[in-house]
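Read off the chains here:
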Amino acid sequence: MSSLPALQQHQALCDEIHQVALEENRFLRQHQRAPEPAMLERKRSLLEKLDISLAALRALPAGSARDPEARAQLELTRGRILQILQLDKENEQLLLRCSLASGRAPAGPAPSVSMLQKIYARCE
């Protein structure tokens, strides 16, 4: 396979990964809990495809990226990868917040006004 079709396939895969990251981001923001197992399985399958795509790119000759079309495609792909990385970082932070919030003990009932008055009265 020449470099341009391989880069285009890789770009399409990166676009698909970006869409999944966006969906995960929306889910985490709306539901404030970990995503469903189906979404995690989808991410795993995309990771397998990414491994295959990267292996195909590594098999290309090093000088094949000198073509102006290939360079433009590379720049588009790099930009998409940066967007994916940024979204992934944000998703990790959201997931961490969700997991920390779910691990907290529920707050007890608020103390009554009379209880607070007694406490303040002792301090005077």
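See the structure shown above.
As the structure is a computational prediction, the values presented were derived from the model and not from experiment.

Draft legend 1. Layout of the overall build of the protein. Of regular secondary structure, the protein possesses four helices and zero strands. Secondary structure of the protein in N-to-C order comes out as α-α-α-α. For the protein, the C-alpha radius of gyration of 25 Å lies well beyond 14 Å, the compact-globule estimate for 124 residues. Counting only C-alpha atoms, the protein reaches 80 × 30 × 20 Å along its principal axes. Sequence separation of at least 24 residues holds for 79% of the intrachain contacts in the protein that already meet a minimum separation of 6. For the protein, the accessible area works out to roughly 9,200 Å², and carbon and sulfur atoms hold 58% of it. A gap of 7 Å separates the mean positions of the 17 positive and 15 negative side-chain charges of the protein.

Draft legend 2. Region of interest: the nonpolar core. Within the largest apolar cluster, six residues are counted, these being L13, C14, I17, V20, L46 and I84. A total of four residues in this core trace back to one element, the largest contributor, which is helix α1 (residues 3-31). Sequence-distant contacts of C14, that is, excluding residues within four places in its chain, are made with T77, R80, I81 and I84.

Draft legend 3. Representation of the layout of surface pockets within the structure. For the largest pocket, the calculated volume is near 370 Å³. Considering the residues around the largest pocket, the lining is formed by 15 residues, among which I17, L47, L50, I84 and D88 are closest to the centre. Listed by contribution, the elements that provide at least two residues to the lining of the largest pocket are α1, α2 (37-58) and α3 (68-103). Split into classes, the residues belonging to the lining of the largest pocket amount to 10 nonpolar, one polar and four charged.

Draft legend 4. Up close: the pattern of salt bridges. Scanning all chains against the criterion turns up seven salt bridges. A salt bridge links E90 to R29, with the nearest nitrogen and oxygen atoms 2.1 Å apart. In this pair, E90 sits in helix α3 while R29 sits in helix α1, placing the two residues 61 residues apart along the sequence. Here E90 falls in the partly exposed class, since its relative accessible area comes to 24%.

Conventions and cut-offs
Residues numbered from 1 in each chain as written. Predicted model: local features only at pLDDT ≥ 70, side-chain atom pairs only at ≥ 80, totals over all residues. Heavy atoms only, no water. Helix = DSSP H or I, 4+ residues; strand = E, 2+ residues; numbered from the N terminus. Rg over C-alpha atoms; globule rule 2.2 N^0.38 Å. Contact = heavy atoms within 4.5 Å. Areas by Shrake-Rupley, 256 points an atom, 1.4 Å probe, with all protein chains shown as cover. Lys, Arg positive; Asp, Glu negative; His and termini not counted. Charge placed at Lys NZ, Arg CZ, Asp CG, Glu CD. Core = buried A, V, L, I, M, F, W, Y, C linked by side-chain atoms within 4.5 Å. Buried < 20%, exposed > 50% of the residue type's maximum accessible area, 1.4 Å probe, protein only. 1 Å grid on protein atoms, 1.4 Å probe; cavity = no way out; pocket = protein on both sides within 12 Å on 5 of 7 lines; lining within 4 Å. Points joined across faces, edges and corners; volume = space filled by probe spheres on them. Nonpolar A, V, L, I, M, F, W, Y, C, P; charged D, E, K, R; others polar. Salt bridge = Lys/Arg side-chain N within 4 Å of Asp/Glu carboxyl O.

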